[in-house]
Amino acid sequence: MNKYELAVVVSAKIEDDERAQVIERVKALVERFGGQISDVDEWGKKKLAYEIQKMREAYYYFIHFEADATVPGEIEQRIRIMDNVIRYLCVKQEA
């Protein structure tokens, strides 16, 4: 089992409950592929470094989890097509 950090940038144009549903779906994906979530860090609304889809701000979330080496690829494949997720990145954390 490796430790990973998944950064998810969610659109600021949606309502709070809809944004919570997006994060719940991402967490469900991690658990569906055998990952064990240890922490979800919500940074809140932040200014983007550059404009994405005519947006200057978005909500940032960082999900820490442990999983096998194949899990990040599976998760990224599904997050790529999710509505309201404008950017994502999964990185392996050093032990």
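Scoring rules and cut-offs
Residues numbered from 1 in each chain as written. Predicted model: local features only at pLDDT ≥ 70, side-chain atom pairs only at ≥ 80, totals over all residues. Heavy atoms only, no water. Helix = DSSP H or I, 4+ residues; strand = E, 2+ residues; numbered from the N terminus. Rg over C-alpha atoms; globule rule 2.2 N^0.38 Å. Buried < 20%, exposed > 50% of the residue type's maximum accessible area, 1.4 Å probe, protein only. Contact = heavy atoms within 4.5 Å. Areas by Shrake-Rupley, 256 points an atom, 1.4 Å probe, with all protein chains shown as cover. Arc of directions from axis to C-beta. Axes fitted to C-alpha atoms, helices over the stretch in contact; angles between N-to-C directions. Left-handed = near helix turned anticlockwise from the far one by under 90°. Nonpolar A, V, L, I, M, F, W, Y, C, P; charged D, E, K, R; others polar.

Some remarks on the overall build of the protein chain
So, step 1. On a plain count of helices and strands, the protein chain comes out with two helices and four strands.
So, step 2. The helix and strand sequence of the protein chain, counted from the amino end, reads β-α-β-β-α-β.
So, step 3. Relative to its length of 95 residues, the protein chain is compact, with a C-alpha radius of gyration of 13 Å against a globular reference of 12 Å.
So, step 4. Seen through its C-alpha atoms, the protein chain measures out along the principal axes to roughly 40 × 25 × 20 Å.
So, step 5. Counting over 95 residues, the protein chain shows a buried share of 38%.
So, step 6. Considering only residue pairs separated by 6 or more positions, the protein chain has 72% of its internal contacts joining residues 24 or more positions apart.
So, step 7. Summing over all exposed atoms, the protein chain offers an accessible surface of approximately 6,100 Å²; the carbon and sulfur share of this is 44%.

Comments concerning helix 2 (residues 71–79)
So, step 1. Within helix 2, burial applies to Val71, Pro72, Ile75 and Ile79. Relative to the axis of helix 2, the buried residues are bounded by an arc of 95 degrees and lie together on one face.
So, step 2. Next to the buried residues of helix 2 lie strand 1 (2–11), helix 1 (16–32), strand 3 (55–67) and strand 4 (85–92).

Quick notes on the packing of helix 1 against helix 2
So, step 1. Their axes nearest at 9 Å, the elements helix 1 and helix 2 cross at an angle of 150 degrees. When the axes of helix 1 and helix 2 are compared, the crossing they make is right-handed. Across from Val26, Leu29, Val30 and Arg32 in helix 1, the residues of helix 2 making contact are Ile75, Arg78 and Ile79.
So, step 2. In terms of residue class, the contact of helix 1 with helix 2 is built from five nonpolar, no polar and two charged.

No statement about biological role is implied by the geometric values presented.
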